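Listed here are the chains, written in short residue letters.
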Amino acid sequence: MGSIISEFLKLKRSMSWSVVVLLPIIMVVAGSGSTIAVEGEFADGWHTLWVRSIGFYGMAILPVGIAILASLVWRVEHKNSNWNALMSRPVPTWQIVVGKIAAISILAAVMQIVLVAAVIALGKFLFGLPGMLPTDYLITSLLIIAAQVPVVAFQSALSTFARSFAAPVAIALVLTGASTMALLLKIPGVAMTPYALLTRTTQTGSATMLTGQGTSFDVSALTPDVVGVTIGLSAVLAVIVIAGTSIILNHTDTRT
Amino acid sequence: MNARAIMNEFAKMRHLRVGLFVALLAISVALMSMYNAFGSGAFERLDDPNDYAWKTLFGGLGMGAALIAPILVAVIASRQVEIEHTGNGWLSSATSGLTPGQMCRAKFVSLGVLVAAATAVWGVVIVGFGTLIGISTPAPLGRWAAYIGALIIINLAVLAFHILLSAKVENQLVCIGVGLVGMFLAIFGELFPAWLAHLVPWGYYPLTVQSDYVGEVPVYFDLPYLSVIGLAVVGGALFLFVTGRFDRQEA
């Protein structure tokens, strides 16, 4: 717990809030605005608003946002002699790695909460949609928070070893694009990789997609099986990345 | 222009693996264009006399450039400038007679050559792909050349902006964040009034799109030559003005 708290202390004045708050809001405004501009209405109410807000976000933007957060969290460690100070703390390496991942995961979770809040606020107050955002999408959001963890772990690993702020962001963009393309091409097994798992999870239970009105890949319905597999796979992938990062870090020399 | 400063920038790139990111820029956008053609059923309509397959390739290039170039160009510029902040390169270069403004210009020329080459690769690869899969109508080479020329100017304008931003703001979060906002503007720019799209370099990606669906049918659009030339002239003048001011600032 101490590791996580110290990470948030380091993030004070880091402008991480700008990513956490602005990115999902811009996406919801852009997605819903483009729908209104082109189609004039949300044909299927909340379902259309949700899929237009989360569709492109999950296929391209979300992993880039996570990559920026990971670069931010590791940025301070690459300055001056902070790296050596961090690695010489009297705690096992895996705890340092998990502390960083936990901090980034919390920020990513808040990002998802902001997205849901923005969808509800726009749907209810700006577009006057009847009723409320279906509960399934709230459950999907919880699943997304879980599926974010392997991507967070992988991006954290990249930012651990890359001193550059920007390089891991570029890698996230390319891997996300490749994963989305692989999902669209229905390449077998691709959904078991971190980026594809996250992209696929963001579209889970999307009614508009499930009824074939979307222009996307096969979308899973929100069933207990899908929930179980997503959470289980997320946990396994995260553990693998954490173990790999810790092992490599344990064999890494000090830095000047 | 200081040739030695430009060669020095190329030397820095080797260590920064800038070539890898330029290659990613070249390959990923070309792949996206090809994928768009595949996904739009171009392979089933290779004999369409109305250029259906070429139009889907143009449309894919417009989408790929808007989605990928703003971020990757921001990353390329950020990496090349970030090292001057971390290694105190501005001061050490200034003491040896190379002012910050000259350094920015050298970075622009060296990176600009690579970004322009990557953009040219999009055209060559996509036209080659279209010919290879057997599109029966001849490649609209004039349209391709004009569009690739326009994309080179837009990418260079975005590059110049990011070099200046990365030089001025040490926190690279701002630079990458602006790149991300640029991506939004490039993708959703069609929703903005044309005058607004003219004010930012990313707005020119949607302005210059060469093909899109009108109803069920893809159609060609005219390239706004004057707007693109205006971007080149105004962007170039602004870059020279700002780097000129950098020359007179204390490092």
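See above for the structure.
Can you walk me through the interface of chain B and chain A in this structure?
Many analyses report the size of an interface as the accessible area lost when the parts associate. With 26 residues of chain B at the interface, the matching set in chain A holds 30 residues. Between chain B and chain A, a total of about 2300 Å² is buried, with carbon and sulfur atoms accounting for 86% of that surface. Three residues, Tyr35, Leu173 and Phe184 of chain B, lead the burial of chain B against chain A; their summed loss comes to 27% of the area buried on that side. Linking chain B to chain A there are zero salt bridges. Connecting chain B to chain A are one residue pair in polar contact (both at pLDDT 80 or more). The set of elements that each furnish at least two residues to the side of chain B that touches chain A consists of helix H2 (18-39), helix H3 (52-86) and helix H7 (172-188) of chain B. By residue number, the principal contributor to the side of chain B that touches chain A is H7 of chain B, which donates nine residues. Among the residues forming the side of chain B that touches chain A, the class breakdown is 20 nonpolar, three polar and three charged.

Is there a simple way to think about helix H6 (residues 135-161) of chain A in this case?
Residue pairs three or four apart in sequence face the same way in an α-helix, which turns once every 3.6 residues. For H6 of chain A, with 27 residues, the first-to-last C-alpha span of 40 Å sits near the 39 Å given by 1.5 Å per residue. Maximal helix bending in H6 of chain A amounts to about 25°, located at Val149 of chain A; proline Pro150 of chain A follows within four positions.

Just checking my understanding: could you explain the packing of aromatic side chains for this structure?
One pair of aromatic rings is described through two measures. These are the centre distance and the angle between the planes. Residues and elements named next belong to chain B. Scanning all chains against the criterion turns up 14 aromatic pairs over all chains. Taking the centre distance of 5.7 Å and the plane angle of 85° together, the rings of Phe58 and Tyr220 count as edge-to-face. Placement of Phe58 in helix H3 and of Tyr220 in strand E2 (residues 217-220) is noted, with a sequence separation of 162 residues between them. With 4.9 Å between their ring centres and 45° between their planes, Phe108 and Phe239 make a pair best called tilted. With a gap of 131 residues between them, Phe108 in helix H5 (residues 100-132) and Phe239 in helix H10 (residues 225-247) connect regions that are remote in the sequence.

Before we go on, may I ask you to explain the pattern of salt bridges in this structure?
Close approach of charged atoms allows side chains of opposite charge to pair. Taken as a whole and judged by the stated rule, the model has eight salt bridges over all chains. With its nearest N and O atoms 2.5 Å apart, the salt bridge here joins Lys100 of chain A to Glu77 of chain A. Taken as a pair, Lys100 of chain A in helix H5 (residues 93-126) and Glu77 of chain A in the loop between helix H3 (46-75) and helix H4 (82-87) lie far apart in primary sequence, 23 residues in all. Accessibility classification places Lys100 of chain A together with Glu77 of chain A in one group, the buried group. Within the structure, one salt-bridge network assembled from shared partners comprises Glu9, Lys12, Glu84 and Lys107 of chain B.

How each quantity is defined
- Residues numbered from 1 in each chain as written.
- Chains lettered and ligands numbered in written order.
- Predicted model: local features only at pLDDT ≥ 70, side-chain atom pairs only at ≥ 80, totals over all residues.
- Heavy atoms only, no water.
- Contact = heavy atoms within 4.5 Å.
- Buried area = accessible area lost by both parts, 1.4 Å probe.
- Salt bridge = Lys/Arg side-chain N within 4 Å of Asp/Glu carboxyl O.
- Polar contact = N/O pair within 3.5 Å; in protein donor to acceptor, adjacent residues only side chain to side chain.
- Helix = DSSP H or I, 4+ residues; strand = E, 2+ residues; numbered from the N terminus.
- Nonpolar A, V, L, I, M, F, W, Y, C, P; charged D, E, K, R; others polar.
- Expected span 1.5 Å × (residues − 1).
- Bend = angle between axes of the 7 residues up to and from the residue.
- Phe/Tyr/Trp six-rings, centres within 6.5 Å; stacked < 30°, edge-to-face > 60°.
- Buried < 20%, exposed > 50% of the residue type's maximum accessible area, 1.4 Å probe, protein only.

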